[in-house]
Amino acid sequence: MKIFKIKFLLLALMLVSFASFSQTTVRGTLVDAQSDEVLIGASVVVDGTTIGTATALDGTFSITVPSGGQKLVFSYVGYIEVAQDITVSGEEINLGKIALESDAVNIDAVKVVASVAVQRETPVAVSTIQPAQIAEKLGTKEYPEILKSTPGVYATKQGGAFGDSRVNIRGFDQRNTATMINGVPVNDMENGWVYWSNWAGLADVTRSMQVQRGLGASKVAVPSLGGTINILTKTTDAKKGGSAFSTVGNDGYNKYGFTLSTGLTENGWAATISLAKSSGDGYVDGTQFESYSYFANISKRLNDNHTLAFSIFGAPQWHGQRDRYSKLSIAEWEDKGIRYNPDWGYKNGEVFYAEKNKYHKPQAILNHFWTMDENTSLVTAIYASVGTGYGTGGYGTSKFYGDAYQREDQIDFDKIVDENIASTTGSETILRTSNNNHQWYGLITSYNKTLGDLDLMIGLDGRYYIGEHYREVEDLLGGEFYLDQGVDVNNYNKIVREGDKIAYHNDGHVGWIGGFAQAEYTLGNLNTFVSVALSNKSYKRVDYFNYFSDDIIDQINSSSAIEQQYRDLIGSDGEFEEAMKGQETEWVGFLGYSVKGGANYNLTDNHNVFFNTGYFERQPDFDAVFLNYINWINEDAENEKAFSFELGYGYRSSKLSANLNAYYTKWSDKTETLSDYTEDETTGERTYFSANVLGIEAAHMGVELDFVAKPISKLEISGFVSIGDWRWLSDVEDVQLVDENQQALDSTSVYIKDVHVGDAAQTTFGLGVDYELLKGLKIGVDYNFYDRIYANYDVENRNTKYADGNPDSWKLPFYSLVDMNLRYNFKISDINATLFCNVDNLLDYNYIAEAQGGFDKVPEGYEDEIKPGEEATTVFYGWGRSWSVGLKIRF
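Residues numbered from 1 in each chain as written. Predicted model: local features only at pLDDT ≥ 70, side-chain atom pairs only at ≥ 80, totals over all residues. Heavy atoms only, no water.

Caption draft 1: Highlighting empty space enclosed by the protein. Throughout the structure, instances matching the rule amount to seven cavities of 30 Å³ or more. In this structure, the second largest cavity spans a volume of roughly 280 Å³. As for the second largest cavity, its lining consists of 23 residues, and the residues nearest its centre are Glu 145, Lys 148, Lys 157, Leu 817 and Tyr 847. Counting residues per element, the ones that place at least two in the lining of the second largest cavity are strand S10 (153-156) and strand S50 (815-828). Partitioned by chemical class, the residues of the lining of the second largest cavity number nine nonpolar, eight polar and six charged. (1 Å grid on protein atoms, 1.4 Å probe; cavity = no way out; pocket = protein on both sides within 12 Å on 5 of 7 lines; lining within 4 Å. Points joined across faces, edges and corners; volume = space filled by probe spheres on them. Helix = DSSP H or I, 4+ residues; strand = E, 2+ residues; numbered from the N terminus. Nonpolar A, V, L, I, M, F, W, Y, C, P; charged D, E, K, R; others polar.)

In structure tokens form, the structure reads like this:
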């Protein structure tokens, strides 16, 4: 028996020894072939087996492979699969770097145009959202809300309707945050705003979404005080195939679509097309929506040096809205419920919207990629965008929100219709559209040269924009006509019907020509850059209603009787003289520039430090140049100035990746203009006045931390902390008010020193956990906390000096949200499929996301005049619990 036991132990030891010699460890690192950036979470599989692993946070992998000839297969979303044959003989194998090529044709050249930042190389604070994260986390969120777990970012749905979201970065709103799609700037050329409803289908075609906080890495001049949202869409897939998906969710949410790709053919052609439709009833009452999105890209490799690529993307949509002015007091929301919307009702038994948005803004880009030699290239993008659409609202006698015209807390449109039918003087109240159409054309070209360790870039940026603004009769609401009196000097008593222009009609022309240059130098572990940009932005305004046409001016000049007739109609000598100036202004130009630089130093394979700094002057917006919504040129319009400085530290290992940075931005001569008029009660004579408020300054400073930890291969923990201190730095006293002849009238002041900047959370914290329960089955939970959110307010209304100092804005209650998501990868025959489930605001927490007006503390001595903060503030609540379930198949 003892001999048998000894033999058994010897046999077991032999088997263990044999097993140890029959397999070995293979190591390596997966990187992007173009940028050399590591690929995190890429798949490494022994072909024909179930043996596999995923790359760590530093791109490395370690896998135990059986002996003999084996094939390792490397794959990652967005990259071409690579297989490598190896022979395992017992000794450990290190494969070094394995470079994966993008599965999208021309994506590397697009990245050059788009100024994509690279971790541990580009010295900026950056967060990158990959398509897999968007697919897993988005659910029913608005597209910008996918950034909610990014330091310094605050995103809300505003009124809560489809596409009406907004995003702030480091306390700066969208006007001061650059948004770029494939390197093309999309901030409105007149006011700098970004309307996300215009890009409703963007999530379906996004390849990557990068937030560069602070000045960012963009070469062209963009309004990046807070940061840059840099979006890369799909180009053309290198492999033949496609996908289809369908998603359902709360409140009738329904979305479906597909993508098809030809792959790169032998003769150099490739094409990809994506189509999708979304519809639903909306979480907020009266916010039904319908949206279509389309994307197409076709490319042709002319030869080894030249490639052409054309892409077009658009998302025609309409949706009912809850207007931003429909904020209510907390007590009113508690009475009516957070889904309540006053901006709709029923007309003849059917849903009818007082506030409705309809828009279509396709964008087309033609790219030419010219590789002159291995060190020289020229990349050119010619683009065009033609936007058409409107938002609706009431016009005429204000009846939409009067108590007499309410039925069960909604607008009684039928009563308004009955009164208009009975009126003998036409409709009293009508529904109008406010149309904002535009044509935007541009060109960006960059010449790139590598000289050893020095990379040089020089380029041109040209843009031309025409914005057409007018109101139009949408629905007479039962009447036969509407008398639009006194708004069009060319037709003073104008009878209008549906489709006719009313209220105002003007065009804004914007021209832009700029140049940029950048030098980037790499010496070992040190990477430095300096970048400069110079631009001239010019404006011209054409007003068709407040000024006589050339024909009428000729008539007036030829006849004193006709002149008197028009003077009598207008009734104001000042307005008549203004109208005689003609409809079109001359061009008014402003020079702007930026200078920025920075350096990143990789101390070791794990540690790096960076800094960046810069200064830029940005041209004033259109409405700061032309005051009072007429052709009154502001001779004192000033450029806005900004200085920024940032320090950062990064750590990366196989288990932990973390970034810590501190920033300071000083914003000077913020564009602030006051313009209005007074009207004489006896004569009706209007006196227009304006003020150019110079000297307003703000400081935005803070500390940000973000990290990702992967203690085991199936568990990923991510988190961030952002603590900001954003305040106005100065009061501005004795601001001179002047009339249209620049004659002094009176003065006003702005008292905001030490008051917090409103409209965004200055303290945010987040923690996310993703765990793979079974192969292909992953669950994620995200917690986000928001505090020190101060109500928004109009700076120019802070014109009273209080003895106990400037009162701060009302601080919203802090709140926290929990979101959950589930993803399951499986196969249907040979087809890969993924099931997605999302629940946002899992705990159905009621929270205030936005607020307007109100002081945090009533100034001493004003207790009888000013209500305390909560009572004086109007708010919007965020959404309660929402959910979605989706299925996507790939073939």
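Caption draft 2: Structural detail: the nonpolar core. Among the nonpolar cores identified, the biggest contains 49 residues, and Tyr 154, Trp 728, Trp 810 and Val 875 are the most heavily contacted of them. Leave out the neighbours within four places in its chain, and Tyr 154 touches Arg 166, Val 167, Asn 168, Asp 759, Ala 760, Ala 761, Tyr 786, Ile 789, Tyr 815 and Ala 849. Listed in part, the 25 residues of the second largest apolar core include Val 184, Val 220, Tyr 383 and Phe 590. (Core = buried A, V, L, I, M, F, W, Y, C linked by side-chain atoms within 4.5 Å. Buried < 20%, exposed > 50% of the residue type's maximum accessible area, 1.4 Å probe, protein only. Contact = heavy atoms within 4.5 Å.)

Caption draft 3: A look at the packing of aromatic side chains. Applying the stated rule across the entire model yields 33 aromatic pairs. For the pair Phe 548 and Tyr 566, a centre-to-centre distance of 5.2 Å together with 70 degrees between the ring planes defines the contact as edge-to-face. Here the residue Phe 548 occupies a position in the loop between strand S35 (526-543) and helix H7 (550-558), and Tyr 566 occupies one in helix H8 (residues 560-570), the gap between them amounting to 18 residues. Taking the relative accessible area as the measure of exposure, Tyr 566 reaches 13% and is therefore buried. Feature note: the residues Tyr 154, Tyr 786, Tyr 815 and Tyr 847 constitute an aromatic cluster, connected by ring pairs. (Phe/Tyr/Trp six-rings, centres within 6.5 Å; stacked < 30°, edge-to-face > 60°.)

Caption draft 4: Structural view of a negative patch on the surface. On the surface, Asp 804, Glu 860, Glu 863, Asp 864 and Glu 865 cluster together into a patch of negative charge. Locating Glu 865 in the fold gives a position in the loop between strand S52 (848-852) and helix H11 (869-872). (Patch = residues over 30% accessible without salt bridge, like charges linked within 9 Å, V, L, I, M, F, W, Y side chains within 5 Å. Areas by Shrake-Rupley, 256 points an atom, 1.4 Å probe, with all protein chains shown as cover. Salt bridge = Lys/Arg side-chain N within 4 Å of Asp/Glu carboxyl O. Lys, Arg positive; Asp, Glu negative; His and termini not counted. Charge placed at Lys NZ, Arg CZ, Asp CG, Glu CD.)

Caption draft 5: Molecular detail of the pattern of salt bridges. Overall, the coordinates contain 41 salt bridges when judged by the stated rule. We note a salt bridge from Asp 204 to Lys 255, for which the minimum N-O separation is 2.9 Å. Here Lys 255 lies in strand S18 (residues 253-261) and Asp 204 lies in helix H4 (residues 202-205), a separation of 51 residues in the sequence. According to the relative accessible area criterion, Lys 255 is buried, its value standing at 11%. In this structure, Arg 618 engages Glu 640 in a salt bridge whose closest nitrogen and oxygen atoms are separated by 2.5 Å. Linking Arg 618 in strand S37 (residues 607-618) with Glu 640 in strand S40 (residues 640-652), this pair joins segments that are 22 residues apart in sequence. Owing to a relative accessible area of 10%, Arg 618 belongs among the buried residues under this scheme.

Caption draft 6: Representation of helix H6 (residues 413-422). Every buried residue of H6 is listed here: Phe 413, Ile 416, Val 417 and Asn 420. Down the axis of H6, the buried side of the element spans an arc of 100 degrees, and every buried residue falls inside it. Away from its buried face, by an angle of more than 90 degrees, H6 presents the exposed residues Asp 418 and Ala 422. Tucked inside the fold, the buried residues of H6 contact strand S23 (344-347), strand S24 (350-353), strand S29 (410-412) and strand S30 (429-451). (Arc of directions from axis to C-beta.)

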